[in-house]
Amino acid sequence: MANNACTGIENIDEAITLLEQNNWDLVAAINGVIPQENGILQSEYGGETIPGPAFNPTNHPAPAPTSSSSAFRPVMTSRQIVERQPRMLDFRVEYRDRNVDVVLEDSCTVGEIKQILENELQIPMSKMLLKGWKTGDVEDSTVLKSLHLPKNNSLYVLTPDLPPPSSSSHAGALQESLNQNFMLIITHREVQREYNLNFSGSSTIQEVKRNVYDLTSIPVRHQLWEGWPTSATDDSMCLAESGLSYPCHRLTVGRRSSPAQTQEQSEEQSTDVHMVSDSDGDDFEDATEFGVDDGEVFGMASSALRKSSMMPENAENEGDALLQFTAEFSSRYGDCHPVFFIGSLEAAFQEAFYVKARDRKLLAIYLHHDESVLTNVFCSQMLCAESIVSYLSQNFITWAWDLTKDANRARFLTMCNRHFGSVVAQTIRTQKTDQFPLFLIIMGKRSSNEVLNVIQGNTTVDELMMRLMAAMEIFTAQQQEDIKDEDEREARENVKREQDEAYRLSLEADRAKREAHEREMAEQFRLEQIRKEQEEEREAIRLSLEQALPPEPKEENAEPVSKLRIRTPSGEFLERRFLASNKLQIVFDFVASKGFPWDEFKLLSTFPRRDITQLDPNKSLLEVKLFPQETLFLEAKE
């Protein structure tokens, strides 16, 4: 009522369209259509101008822009907006194994959808029934807007007047269906229990019934079915050509008590197709009369129908054998299955057990047997269940082997005896065929490998999950102890490594000190040797100079005598008399003979201060004015 008073919009379709254009923002939708003051509106169609109020940004916020609007979009009335931007509807139409996407304006009719489908599906409109409308059946002339549809819709096409597609025109589709997996949701009527079974498109109806016999204990000749398509008239027909709905199809099975009762039930239920499994009924009755069990007959027939074995009989390499096993398993039961470890059993042990405690996992060994009546049900319903596959991939390393062939069975028993002991090998050896498949849960211990559980094929998904979880609890407790022991061992090893490293560094430091000391001692010894050699050389020079000096003249001598007094750096004085005619070199030799070589010391006079060592050594004392006496002093050269 408030929106009607503000905007004047009475049509509910217009109001919904405006809200959708403004992302369901009520304020923005109202501001987009409310009258403004003083302005003109300009149409985008014909260019004509329409008198209208101007937009005042101070009074009203701008409406939220859409992908087709500009920053300066003129204000328009609600009816103009609806006419300019029609509402688009999305339809996904299913016909048999095809899906067609159709996008139309809500102003179109149902007939226009059929025209598009006629071009896409090559089906005449007159033969087409378009179903899935929430309001029931509609006429071709019905406008979509009047149905008040949501944006996304799902419809389907029925063609009851058209025969099913011929094999020649749909050979490619049939071949594709043979490679697909069908999920059959089968309800056991008497016990009200539901089974979800996966079958490949190449499986026959007879195989389905035999597997249902394994689950329900209802022999094939006593099974009363509901839900099979009308085209499924022969039990030898494969599922891909039987007309089943893909990917899921619902069926109901019960026990036929007598032929008369079966005929009565068939007449009462005329809308559904009842398939009473009378195929090969006489043969089965005869087999029972001769003491042959139904299960044995079905097991042999089921085995004969298999196209290839799961594993080659005498494969030299276990990895190659498991590659074929995985490929064959996927072709039979689909791609949703446990990830089988490709490699030898020893390699699986290494991957699961011989790693760090935190990375260890349980080892699950799947033992397959094609002759067992439980194999197909166990694989399709239990082993390929998403919950089982996910749990195994997270917590287990899964390894598989096929025991159908005697050679492969003997080979596995040898491996089992070597890795697990004779008790486990004997347990598997004594298992009957109908007790397969088996699931062995192995936990690695410090000294041996322990078999925690042996799960037989006659189980359910819930029971299988519970037993896997129980084994996981035991493993987790052991793993925590192993992690604790491993952490303590690593801590001890780290301490030992640190101590060894510290000891090594200490030894290196001591060795470095010792080597440095030895180098220092060697250097000191070398310098000492050099010093001794230099001293010996100096002493020899000094002695030779001292011996070469002329004798000291007496005070009273016929020749003039010069008396020199020489002060050493230590304060001592050297006194000697020389002939005035002696050369200055003799004075130098005298000083050198006392341990002061002239190349290391300077001989200086006081008044005037002169460096005597700079004078010509060949001049006489008289010529250099060191006569009759003179006091000199020695000074070391820099």
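For the structure itself, look to the data block above.
As the structure is a computational prediction, the values presented were derived from the model and not from experiment.

S.K.: Which parts of the structure should I look at to understand the overall build of the chain?
M.R.: Looking only at helices and strands, one finds 18 helices and 20 strands in the chain. Counting all 638 residues of the chain, 40% fall into the buried class. For the chain, the exposed surface amounts to about 36600 Å²; the carbon and sulfur share of it is 50%.

S.K.: Would you mind going over the packing of helix α15 (residues 406-420) against helix α16 (residues 422-429) with me for this structure?
M.R.: Any two packed helices are characterised by the angle at which their axes cross and by the distance between the axes. Their axes nearest at 7 Å, the elements α15 and α16 cross at an angle of 150 degrees. Taken as axis vectors, α15 and α16 run roughly antiparallel relative to one another. Judged by residue contacts, Arg409, Phe412, Leu413, Cys416, Asn417 and Phe420 of α15 engage Ser422, Val424, Ala425, Ile428 and Arg429 from α16. When grouped by side-chain class, the residues that make up the contact of α15 with α16 number 7 nonpolar, 2 polar and 2 charged.

S.K.: Would you explain empty space enclosed by the protein in this entry?
M.R.: A water-sized probe rolled over the atoms picks out the places where empty space is left. Applying the stated criterion to the full structure yields 1 cavity of 30 Å³ or more. A volume near 40 Å³ is recorded for the largest cavity. Taken together, Phe588, Val591, Phe596, Trp598, Phe601, Lys602, Leu603, Thr613 and Leu634 make up the lining of the largest cavity. Counting residues per element, the ones that place at least two in the lining of the largest cavity are α18 (584-593) and β18 (601-605).

S.K.: Any chance you could explain the environment of Leu104 here in plain terms?
M.R.: By secondary structure assignment, the location of Leu104 is in strand β4 (residues 98-105). Since its relative accessible area comes to 10%, Leu104 is described here as buried. Placed 18 residues apart in sequence, Leu104 and Pro86 show a C-alpha to C-alpha distance of 9.6 Å.

S.K.: I keep staring at the pattern of salt bridges and nothing clicks. Help me out?
M.R.: If charged atoms from side chains of opposite charge come close, those side chains can pair. Evaluation of the coordinates by the stated rule reveals 26 salt bridges. Residue Asp487 pairs with Arg358 through a salt bridge whose shortest N-O separation is 3.1 Å. Taken as a pair, Asp487 in helix α17 (residues 461-548) and Arg358 in the loop between α12 (345-352) and β12 (362-368) lie far apart in primary sequence, 129 residues in all. Close ionic contact of Glu555 with Arg577 constitutes a salt bridge, the shortest N to O distance being 3.8 Å. Of this pair, Glu555 sits in the loop between α17 and β16 (561-567) while Arg577 sits in strand β17 (residues 573-579), and the two are 22 residues apart along the sequence.

S.K.: I would appreciate a short explanation of the packing of aromatic side chains in the present structure.
M.R.: Each aromatic ring pair is described using two quantities: the centre-to-centre distance and the angle formed by the ring planes. Tallied over the entire structure, the rule returns 19 aromatic pairs. Seen in terms of ring centroids, Phe182 and Tyr246 are 5.4 Å apart; in terms of plane orientation they differ by 80 degrees. Their pairing is edge-to-face. Here the residue Phe182 occupies a position in strand β7 (residues 181-188), and Tyr246 occupies one in the loop between β9 (223-226) and β10 (248-255), the gap between them amounting to 64 residues. An angle of 80 degrees between the planes, with centres 5.9 Å apart, marks the rings of Phe349 and Phe420 as edge-to-face. With Phe349 in helix α12 and Phe420 in helix α15, this residue pair connects regions lying 71 residues apart in the sequence.

S.K.: Help me understand the packing of helix α7 (residues 205-216) against helix α13 (residues 375-383) in this model?
M.R.: As a packed pair, α7 and α13 sit with axes 9 Å apart at the nearest point and diverge in direction by 85 degrees. Accordingly, the angle class assigned to the pair α7 and α13 is roughly perpendicular. For the pair formed by α7 and α13, the contact residues are Asn211, Asp214 and Leu215 on the first element and Asn376, Val377 and Gln381 on the second. Its residues assigned to classes, the contact of α7 with α13 comprises 2 nonpolar, 3 polar and 1 charged.

S.K.: Would you mind showing me how to read the sheet that holds β17 here?
M.R.: Within a sheet, adjacent strands bond to each other through the backbone by hydrogen bonds, running parallel or antiparallel. Reading across the sheet, the 5 strands line up as β17-β16-β20-β18-β19 and stay open at both edges, with mixed pairing between neighbours. The sheet terminates laterally at β17 and β19 (610-611), the two strands that pair on one side only. Two strands pair when backbone bridges link them, and β18 and β19 are joined in this way by 2 bridges, in the antiparallel orientation. Opposite Leu604, over in β19, you have Asp611 as the bridge partner. Its contacts with the sheet place α18 against β16, β17, β18 and β20 (629-636), and it is angled at close to 150 degrees to β17.

S.K.: How should α17 be read in this particular structure?
M.R.: Note that an α-helix has 3.6 residues per turn; residues three or four places apart therefore point the same way. The end-to-end C-alpha separation of α17 is 123 Å, in line with the 130 Å expected for 88 residues at 1.5 Å each. Within α17, the full set of buried residues consists of Leu464, Met465, Leu468, Ala471, Met472, Phe475, Gln478, Gln479, Asp482, Ile483, Glu486 and Leu545.

S.K.: Help me out: how do you make sense of the environment of Met472 in this one?
M.R.: Residue placement: Met472 occurs in helix α17. What makes Met472 buried here is its relative accessible area of 13%. Residue contacts for Met472: discarding those within four places in its chain leaves Leu362, Tyr391 and Asn395.

S.K.: Looking at this model, I keep getting lost on unusual backbone geometry. Mind explaining?
M.R.: Excluding glycine, residues mostly carry a negative phi; peptide bonds, for their part, are mostly trans. The peptide bond linking Phe607 to Pro608 adopts the cis configuration, its omega dihedral lying at -15 degrees. Within the secondary structure, Pro608 sits in the loop between β18 and β19. The omega torsion of the bond from Phe627 to Pro628 falls at 0 degrees, within 30 degrees of zero and hence cis. As for its position among the elements, Pro628 is in the loop between β19 and β20. Even without glycine at this site, Gln192 takes up a positive phi of about 55 degrees. Its place among the elements puts Gln192 in the loop between β7 and β8 (193-200). Unlike most non-glycine residues, Ser217 shows phi in positive territory, near 65 degrees. Mapped onto the fold, Ser217 is located in the loop between α7 and β9.

S.K.: Help me out: how do you make sense of a nonpolar patch on the surface in this one?
M.R.: Taken together, the side chains of Leu129, Tyr156 and Leu158 define a hydrophobic patch exposed on the protein surface, amounting to about 250 Å² of accessible area. If you trace the backbone, Leu158 turns up in strand β6 (residues 152-158). The exposure class of Leu158 is partly exposed, given its relative accessible area of 37%.

S.K.: Explain the sheet that holds strand β15 (residues 449-455) here, please?
M.R.: Pairing is mixed in the open sheet, where 4 strands are placed in the order β13-β12-β14-β15. Only two strands of the sheet have a single partner each, and these edge strands are β13 (396-402) and β15. In this sheet, neighbouring strand axes are inclined to one another by 25 degrees on average, regardless of whether the strands run parallel or antiparallel. As defined by bridge partners, β12 adjoins strand β14 (residues 438-444) across 5 bridges and the pair is classed as antiparallel. Bridge pairing in β14 places Leu367 opposite Leu438. Packing of helix α14 (residues 386-395) onto the sheet brings it into contact with β12, β13 and β14, and relative to β13 it is tilted by some 110 degrees.

S.K.: Can you help me understand the environment of Gly343 in this one?
M.R.: Inspection of the secondary structure puts Gly343 in the loop between α11 (318-333) and α12. For the pair Gly343 and Leu323, spaced 20 residues apart in the sequence, the C-alpha separation amounts to 8.8 Å. Apart from residues lying up to four places away in sequence, Gly343 is in contact with Glu318, Gly319, Leu322 and Trp399.

Quick notes on the rules
All residue numbers refer to positions counted from 1 along the written sequence of the respective chain. Two thresholds apply to this predicted model, a pLDDT of at least 70 for residue-level local features and 80 or more for giving and counting side-chain atom pairs, whereas whole-chain, interface and lining totals are computed over all residues. For the side-chain quantities, the full set of heavy atoms in the structure was used; hydrogens and water were omitted. Put simply, DSSP H or I for four residues or longer makes a helix, DSSP E for two residues or longer makes a strand, and each gets a number counted from the N terminus. A 1.4 Å probe rolled over the protein chains alone gives each residue an accessible area, and that area as a share of the maximum for its type sets the label: buried under 20%, exposed over 50%, partly exposed in between. We get accessible surface area from the Shrake-Rupley algorithm with a probe of 1.4 Å; when it comes to residues, only the shown protein chains can shield them. Geometry is summarised by axes, namely lines fitted to C-alpha atoms with helices restricted to the contacting stretch, and by angles between N-to-C directions that run from 0 to 180 degrees. With respect to orientation, any angle under 35 degrees is reported as roughly parallel, any angle over 145 as roughly antiparallel, any angle of 65 to 115 as roughly perpendicular, and every other angle as oblique. In this description, contact between two residues means that some pair of their heavy atoms is separated by no more than 4.5 Å. Throughout this entry, Asp, Glu, Lys and Arg are counted as charged residues, while Ala, Val, Leu, Ile, Met, Phe, Trp, Tyr, Cys and Pro are counted as nonpolar. The remaining residues, Gly among them, count as polar. Every definition here rests on a 1 Å grid over the protein atoms only: cavities are sets of points where a 1.4 Å probe fits but cannot get out, pockets are open sets enclosed by protein on both sides within 12 Å along at least five of seven lines, and lining residues have some atom within 4 Å of a point. Grid points are joined across faces, edges and corners, and a volume is the space filled by probe spheres set on the points. Salt bridges are defined as contacts in which a side-chain nitrogen from Lys or Arg sits within 4 Å of a carboxyl oxygen from Asp or Glu. Side-chain rings of Phe, Tyr and Trp (the six-membered ring for Trp) are treated as a pair once their centres are within 6.5 Å; stacked means planes under 30 degrees apart, edge-to-face means over 60, and tilted covers the remaining angles. When DSSP finds at least two bridges between two strands, those strands are taken to pair. Multiplying 1.5 Å by the residue count of a helix minus one yields the expected span of that helix. A patch is a set of surface residues, each over 30% in relative accessible area and not in a salt bridge, joined within 9 Å for like charges and within 5 Å for the nonpolar side chains Val, Leu, Ile, Met, Phe, Trp and Tyr.

Purely geometric stuff here, so don't read any function into it on its own.
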